[in-house]
Structure formats: structure tokens, C-alpha cells
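Understanding the architecture of this molecule
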Amino acid sequence: MQYVHCSRIWKKFYNEQFDIHGSDEALVDIPKSLTASMYNFFWAKIWLLGPGYVFLLAGAIVKLRIF
């Protein structure tokens, strides 16, 4: 979902800037509000993946009777 969200935002931003400047070569400042949601999505993904891997490892240890 992070990739889909970020791709849509960047594509929209690119199209808006291209319409304004008419070129790919223009130097454009990227607003912090644009990247804030992307970073929030990234950190949410990290926080959700962490416990997921812990549960996966715990399940594997129990199932394989490693300890």
C-alpha cells in the first residue's frame, strides 16, 4: 500500500509541475506536506512488520521445537 500511495502522490505532483513549467528540467522545491504522509506510511509499515516477524519467529521456534 505504501508503494501505491507514494506512486500516486508523486505522479500527481509531477504532472502538476510539468503543466506549470512545461519541462522535466525545472528545479522544484518539494513541499514537506507532500513527503510527510509518505514517511508516516513508511514508519507505520515498519511498526507493523516488526511484530509480524516476531510472531513468525515465535511460531517457527514452537513448531520446530528449537529451544
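First things first, this report covers the structure right here in the doc. (Residues numbered from 1 in each chain as written. Predicted model: local features only at pLDDT ≥ 70, side-chain atom pairs only at ≥ 80, totals over all residues. Heavy atoms only, no water.)

Some thoughts on the nonpolar core
- Formed by Cys6, Ile9, Phe13, Leu34 and Met38, the largest nonpolar core amounts to five residues.
- Listed by contribution, the elements that provide at least two residues to this core are helix H1 (2–21) and helix H2 (32–64).
- Counting residues per element, this core draws most heavily on H1, at three residues.
- If we skip the residues at most four places from it in the chain, Ile9 touches Leu34, Ser37 and Met38. (Core = buried A, V, L, I, M, F, W, Y, C linked by side-chain atoms within 4.5 Å. Buried < 20%, exposed > 50% of the residue type's maximum accessible area, 1.4 Å probe, protein only. Helix = DSSP H or I, 4+ residues; strand = E, 2+ residues; numbered from the N terminus. Contact = heavy atoms within 4.5 Å.)

Some remarks on the environment of Gly52
- Mapped onto the elements of the fold, Gly52 is located in helix H2.
- Overall, the relative accessible area of 32% leaves Gly52 in the partly exposed class.
- Sequence separation between Gly52 and Glu25 is 27 residues, and the spatial gap between their C-alpha atoms is 42 Å.

Focus: H1
- Here H1 is 20 residues long and its end C-alpha atoms lie 28 Å apart, about the 28 Å a rise of 1.5 Å per residue gives.
- Of all the positions in H1, only Gln2, Cys6, Ile9, Phe13 and Gln17 are classed as buried. Angular distribution of buried residues about the axis of H1 spans 70°; they occupy a single face of the element. With respect to the buried face of H1, the exposed residues turned more than 90 degrees away are Tyr3, Val4, Arg8, Lys12 and Asp19.
- Taken from the residues just after H1, Gly22 is the one with a positive phi, measuring 70°. (Expected span 1.5 Å × (residues − 1). Arc of directions from axis to C-beta.)

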